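Each chain is listed here by its residues.
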Amino acid sequence: MKNQVSNFMGFSEPSNYPSIFNKQMISNEYTIHFSQEFEHPSYCDEVVSLLLSAEEIDSIVFVINNAGGRVDTLNSILNALAITKATVTGFLVGQGCSCASVLFLACHNWMVGDNTTLMIHEQSFFVGGKASETKKQHEHYQKQNDRFIREVYKNFLSDSEIESCLKGEDYYFEDHEIRERLALREQKRMEEAQEEAVQQLKEFEEVEFDYSELPLEELEEELQMYNEDIKKLRRAIADKKKE
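Everything numeric in this text was worked out from a predicted model, so none of it was measured. Within every chain, residues take consecutive numbers counted from 1 along the sequence as written. Given that this is a predicted model, residues contribute local features only at a pLDDT of at least 70 and side-chain atom pairs are listed and counted only at 80 or more, while totals for whole chains, interfaces and linings are drawn from all residues. Side-chain metrics rest on all non-hydrogen atoms present in the structure, leaving aside hydrogens and water.

With that out of the way, let us pick up the overall build of the chain. Of the regular secondary structure elements, the chain holds seven helices and six strands. For the exposure calls, accessible area comes from a 1.4 Å probe over protein chains only, and a residue counts as buried if that area is under 20% of its type's maximum, exposed if over 50%, partly exposed in between. Counting only residues that meet the buried cut, the chain has 30% of its 243 residues in that class. The criterion used for residue contact is that any of the two residues' heavy atoms lie within 4.5 Å. Within the chain, contacts between residues separated by at least 24 positions form 68% of all contacts whose residues are at least 6 apart in sequence. Only the protein chains shown count as cover for residues, and all accessible areas are computed by the Shrake-Rupley method using a 1.4 Å probe. On the chain, roughly 17100 Å² of surface is accessible, and the fraction owed to carbon and sulfur atoms is 51%. Every helix listed is a DSSP run of H or I at least four residues long, and every strand listed is a run of E at least two residues long, numbered separately from the N terminus.

Right, here's the structure in full:
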């Protein structure tokens, strides 16, 4: 009990134990059910607001059992999802058709329930007005559809499947097929990231930079970063050789 006894001057004697400090961090876990079709853009206003206001320590789960709906409404969520600080997990519990398949694949992490279905097809759209107006609308939406399908289903569908999808082919995937394709997509993304890092390093090495202008501290930081990149590249090369 010595550490709890004050000396005659009113000061406690020094403790022999480490001081422990606490900083409370409050995180939030949100669960959002997408069980109705994507309707008017106002349908997702609260979801968009949540994504934009969430912090890094927050987590959000999208529970998806949805037949699809309007692409403009989906885009509101996708754009907010692209910049949210929170980690968003897509949990497929039933069917994820059309727009719902895009929402699921756009999440940061994924859970696939048993006996679930993912259905993929190109966009549907309607045009109206004078002949010249409908032509312009059709050309615009056709171009937009082409870019959209190629971007959102990249590495989940093969190149030939994407071309068939743009010609009207529908694709249905069972739970085990979804898991396999998600794993394959992540592998391809890692390979692309490694290739990009190698290319950036090559471009960096080709640039002539006058390091003599940097102070010693910055030179040491540059060297440390360079050595870390070299280690990562060597590990990537070693992994490639094992394949």
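Turning our eyes to something else, we now look at the packing of aromatic side chains. Pairing of aromatic rings covers Phe, Tyr and Trp, the last counted by its six-membered ring, and requires centre-to-centre distances within 6.5 Å; plane angles under 30 degrees mean stacked, over 60 mean edge-to-face, and any other angle means tilted. One pass over the structure, following the stated rule, counts five aromatic pairs. Taken together, a centroid distance of 5.7 Å and an interplanar angle of 85 degrees make the contact between Phe 156 and Phe 173 edge-to-face. Pair noted here: Phe 156 is in the loop between helix H4 (131-152) and helix H5 (159-165) and Phe 173 is in strand E6 (residues 171-174), with a separation of 17 residues, a long-range link. Exposure class is identical for Phe 156 and Phe 173. Each is buried. Taken together, Phe 34, Phe 38, Tyr 43 and Phe 62 form an aromatic cluster joined through their ring pairs.

Like-charged residues within 9 Å of one another, or nonpolar side chains (Val, Leu, Ile, Met, Phe, Trp, Tyr) within 5 Å, are grouped into patches, provided each residue has over 30% relative accessible area and no salt bridge. Whenever a carboxyl oxygen of Asp or Glu lies within 4 Å of a side-chain nitrogen of Lys or Arg, that contact is scored as a salt bridge. Under this rule, positive means Lys or Arg and negative means Asp or Glu; His and the chain ends count for nothing. By convention, charge coordinates are those of NZ in Lys, CZ in Arg, CG in Asp, or CD in Glu. Residues Glu 217, Glu 218, Glu 220, Glu 221 and Glu 222 make up a contiguous surface patch of negative charge. Looking at the secondary structure, you find Glu 220 in helix H7 (residues 216-242). Glu 220 gets classed as partly exposed once you look at its relative accessible area, which sits at 49%.

Turning to helix H2 (residues 71-83), a few remarks are in order. Compared with an ideal rise of 1.5 Å per residue, which puts 13 residues at 18 Å, H2 spans 19 Å between its outermost C-alpha atoms and is within 8% of the ideal. For H2, the set of buried residues is Thr 73, Leu 74, Ile 77, Leu 78, Ala 80 and Leu 81. Axial view of H2: buried residues confined to an arc of 170 degrees, hence all on one face. Away from the buried face of H2 by more than 90 degrees, exposed residues Asn 79, Ala 82 and Ile 83 are located. Here the expected span of a helix is defined as 1.5 Å times the quantity of residues minus one. As used here, the arc is the angular range of directions from the helix axis to the C-beta atoms.

A separate point is the nonpolar core. Residue types Ala, Val, Leu, Ile, Met, Phe, Trp, Tyr and Cys, when buried and joined through side-chain atoms within 4.5 Å, form a set referred to as a nonpolar core. Of all hydrophobic cores here, the largest spans 43 residues; its most connected members are Leu 51, Ile 60, Phe 62, Ile 77 and Phe 104. Considering every element that reaches this core, the biggest residue donor is helix H3 (residues 99-106), with six residues. When near neighbours in sequence (up to four residues on either side) are disregarded, Leu 51 contacts Ile 60, Phe 62, Ile 77, Ala 80, Leu 81, Thr 84, Lys 85 and Val 88.

What follows covers the confidence of the model for the chain. Each residue carries a pLDDT score, the predictor's own confidence in it, on a scale running from 0 to 100. The share of residues in the chain with pLDDT of 70 or more is 87%, and the mean pLDDT across the chain is 86. Looking over the chain, one finds the lowest element-wise mean pLDDT in H7, namely 77, and the highest in E6, namely 98. pLDDT under 50 marks residues 1-6. Its contacts with residues more than four places away, or in other chains, come to ten contacts.

If you check the backbone angles, Asn 115 has positive phi at about 60 degrees while not being a glycine. Structurally, Asn 115 can be placed in the loop between strand E4 (109-112) and strand E5 (117-120). One non-glycine residue, Asn 155, lies in the positive phi region at around 70 degrees. Mapped onto the elements of the fold, Asn 155 is located in the loop between H4 and H5. On the basis of relative accessible area, Asn 155 is assigned to the buried category, the value being 14%.

This structure, assessed with the given rule, holds nine salt bridges. Put simply, Glu 161 and Arg 181 hold a salt bridge, and the shortest N to O gap is 3.0 Å. With Glu 161 in helix H5 and Arg 181 in helix H6 (residues 175-206), the pair connects residues that are 20 residues apart, well separated along the chain. Taking the shortest distance from any N to any O, the salt bridge between Arg 189 and Glu 186 comes out at 3.3 Å. Linking Arg 189 with Glu 186, this pair stays in helix H6, spanning three residues, or about one helical turn.

Glancing now at the environment of Arg 179. Within the fold, Arg 179 resides in helix H6. In this structure the C-alpha to C-alpha distance between Arg 179 and Gly 113, which are 66 residues apart in sequence, comes to 9.8 Å. At 2.8 Å, the side chain of Arg 179 forms a polar contact with the backbone oxygen of Val 112. Contacts described as polar in this section are N or O atom pairs within 3.5 Å, which, within protein, must combine one atom able to donate a hydrogen with one able to accept it, while residues neighboring in sequence count only if both atoms come from side chains.

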